[in-house]
Amino acid sequence: MDLALQVVVQGLLVGAIYSVIALGMGLVYSISGVLNFAHGDFLVLGLYVVLVASTSYGLDPYITPLITAPVMFALGFLVWRFLLRRVAAGHPIVVAQLTLGIAFILQNGMLLWQGANERRVRSIAEGTVYSVGVVDLELSKLIAFVTASALAGGLFFTLQRTDYGRSIRAIHQNLSAARLMGISVKRVQALTFALAFAITGVAASVFAPLVTFGPFTGFRYTLIVFIVVIVGGMTNFLGILLAGLVIGVTEAAGSVYLPATYGTAMPYIAFILIILLLPNGLLGRRS
Amino acid sequence: MRTISIRSWVQVCVFAALCLLLPTVVADQYYMSIAVLTMLVIGLCVSWNIAGGFAGMFSFAHTIFIALGAILPALLAIHHGISPWLSMLVAALVSAVAGAAFAWMGNKFQLNVLTFALVTLGFAELTLVMVTGTRSLGGSAGLSIPGQLSIGGLVFDTPSKTYYLVMVCVLVVLIVSVAIRASKFGFYLIALRDNVSAARGIGIPVLKYSAYSMAVSAAFTALFGGLYTQYFLYMDPYRVASPIFMIEIVLFTTLGGLGTIWGPVIGAAVFLPLGEILRAQVGSSVPGLPEILTGFAVILVVSFARTGLVGLLGSLIGSISRLPARRREASGESMTANLDPPERALFPRIEPNSGKE
């Protein structure tokens, strides 16, 4: 029972990060219909930026959001404006292929830049563990959880309470009507893309101390984030949030209760089961 | 009602002629081996296209069929000395049933294109995990194939010989593909692809035809998976059981022209040798550069040739061969109107908010 509790807690902590990254992808999808197959690779790019900041400039990962957020923000804007905007109206699978091309470039660019070896990032919080009852909580995971929750909270607040957030929802619900209402669709789309990337950048900063990564680990994260988005109901942000936690817990459970290689399959099994039973996601489609 | 046009036959014959001529121009066994690899991947792309392109069953589950075609003959040959041809046939039949099962699953749970794609991708990932995690299936080291492929006394031990064998198989699946496209079966598949609800409303038996398309596609995929492994004499799980390979196949097909007959052929024929040769020339000195260039090529093709290379070629040929086209333009027909079939935008948008079916 103790082990189960530990598994659930660990899963929730990591799942929150998955949620936030998936929220970024969900945001991008709802605003433009683009399925970003390179999302995981952008996350890994963020991780590498954190690595370089840490090893070459001695910056602690938890300071790097000051770097990763603007860099990713700019990157998101550029990718949307110059690569994706032209083709976003086409067939979704074809657009996804373009993001796949971007993924190739990112992965191999990082290979060229930093080499093929798996890397780790050190941080202040490393090694600090708190014991609460029977559960051990690593500080790095706690920080990640709190940051992710704050980001998610900020995102929800923006969506519900600000005009900008309302314009996002309007565009998602009916693009033409939104345009007729005077919303500058172009501007909102570009801004949202950039924002989604910035969120991913901040997530990368707090995620870096938790994982080892190489140039090609992006695909794995892309898949997990895809699963979370689909299980969450594509555009239902609350659903995505919940789905991230669920997938986090399943992954933790899989790695503990199943033998090594099979453990990594747990999220996929969970995904297949959930989506067959609830094709519109955990909480349905409506956002 | 099978009416394959003369035009299609001519195209197939031209393709066959080009393929037959290739070995006479290429003497170097190294380039021949690239040619064999290209042929194998063309076969896989054309097979996948029957389900993914014609019927809109965007499936990554084909990884399972490739794996079946690769592993079953290997295991049966190693442990029981059974001829790979027989086991490839068995693998094809099993894959056909499995393919139909996936079609059933898609139908039963009313999965839209995207969800079906991702569920099958989930299965593909599972396949990799299962294969690499199970020692008797080769684990992560894979399996070594005991003997070369042979028919009667003829042993396929050189790339040139294997090339002819694979070429014949590719021609077979191409003719099947052409025949399907020209038949009522093919029409039903296109209807399924474009609008399942409408197809159902007209009375097309959705389950039956999507199952047939997956079955045919799966069987051929298994065949080429087997040929692939037998040629390399090594079952590499990180190739044949990997969703990454599947994604490449889908990528080549899409870049060439999803849902067309020659799209998968052109896509594979252009991008695979490009990648291989780039990798050989540049890959050792600058690792990753070939893939970066491939990525750029992908972006270029998607940005400027929305319906794939086939569409691009079509409009090029159309604009050259129909220079006195003023009358046509005035009558509203597009430059590519004479291409069979008219290649409009191929798929409906995936509606984010629709409850689907």
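*Asks:* If you had to explain the overall build of chain A to someone new, which residues and values would you point to?
*Replies:* On a plain count of helices and strands, chain A comes out with twelve helices and four strands. C-alpha extents for chain A along the principal axes are approximately 55 × 45 × 35 Å. Taken across its 287 residues, chain A has 58% of its residues classed as buried. Only carbon and sulfur atoms are counted for the fraction: they give 67% of the accessible area of chain A, which is about 11200 Å².

*Asks:* Explain the overall build of chain B residue by residue, including any values.
*Replies:* Along its length, chain B carries 15 helices and four strands. Looking at chain B as a whole, 53% of its 357 residues are labelled buried. A sequence separation of at least 24 residues applies to 79% of the contacts in chain B between residues at least 6 apart. If you sum the accessible surface of chain B, you get close to 15100 Å²; carbon and sulfur atoms cover 68% of it.

*Asks:* So what's going on with the packing of helix α9 (residues 218–232) of chain A against helix α5 (residues 113–133) of chain B? Which residues, and what values?
*Replies:* In a packed pair of helices, the relevant descriptors are the angle between the two axes and the axis-to-axis distance. Running from N to C, α9(A) and α5(B) point in directions that differ by 135°, and their axes come no closer than 11 Å. On the basis of the axis angle, α9(A) is oblique to α5(B). Where α9(A) crosses over α5(B), the handedness of that crossing is left-handed. Only B:Leu114, B:Leu118, B:Leu121 and B:Glu125 of α5(B) make contact with α9(A), whose side of the interface consists of A:Phe219, A:Leu223, A:Phe226 and A:Ile230.

*Asks:* An account of the nonpolar core is requested, with residue identities and associated values reported.
*Replies:* In terms of nonpolar packing, the biggest core is built from 195 residues, with A:Phe42, A:Phe271, B:Phe15 and B:Phe224 touching the most fellow members. Excluding its chain neighbours within four sequence positions, the residues that come into contact with B:Phe15 are B:Met39, B:Val170, B:Leu171, B:Leu174, B:Trp262 and B:Val265.

*Asks:* I'd like to hear about the environment of B:Phe60, residue by residue, with values.
*Replies:* Residues and elements named next belong to chain B. With respect to the secondary-structure elements, phenylalanine 60 resides in the loop between α2 (29–54) and α3 (62–80). On the basis of relative accessible area, phenylalanine 60 is assigned to the buried category, the value being 7%. Taking C-alpha positions, phenylalanine 60 is 5.0 Å from leucine 121, a pair spaced 61 residues apart along the chain.

*Asks:* How would you explain the pairing of strand β3 (residues 135–138) of chain A if you had to name every residue and give the values?
*Replies:* Consecutive side chains along a regular strand alternate between the two faces of the sheet. All names here are of chain A. Side chains Val135 and Leu137 of β3 all project onto a buried face; the interleaved residues Asp136 and Glu138 project onto a face where none is buried. The sheet contact formed by strand β2 (residues 129–132) and β3 spans four bridges and is antiparallel. Bridge pairing in β3 links valine 129 to glutamate 138.

Conventions we followed
- Residues numbered from 1 in each chain as written.
- Chains lettered and ligands numbered in written order.
- Predicted model: local features only at pLDDT ≥ 70, side-chain atom pairs only at ≥ 80, totals over all residues.
- Heavy atoms only, no water.
- Helix = DSSP H or I, 4+ residues; strand = E, 2+ residues; numbered from the N terminus.
- Buried < 20%, exposed > 50% of the residue type's maximum accessible area, 1.4 Å probe, protein only.
- Areas by Shrake-Rupley, 256 points an atom, 1.4 Å probe, with all protein chains shown as cover.
- Contact = heavy atoms within 4.5 Å.
- Axes fitted to C-alpha atoms, helices over the stretch in contact; angles between N-to-C directions.
- Parallel < 35°, antiparallel > 145°, perpendicular 65-115°, else oblique.
- Left-handed = near helix turned anticlockwise from the far one by under 90°.
- Core = buried A, V, L, I, M, F, W, Y, C linked by side-chain atoms within 4.5 Å.
- Pairing = 2+ DSSP bridges.

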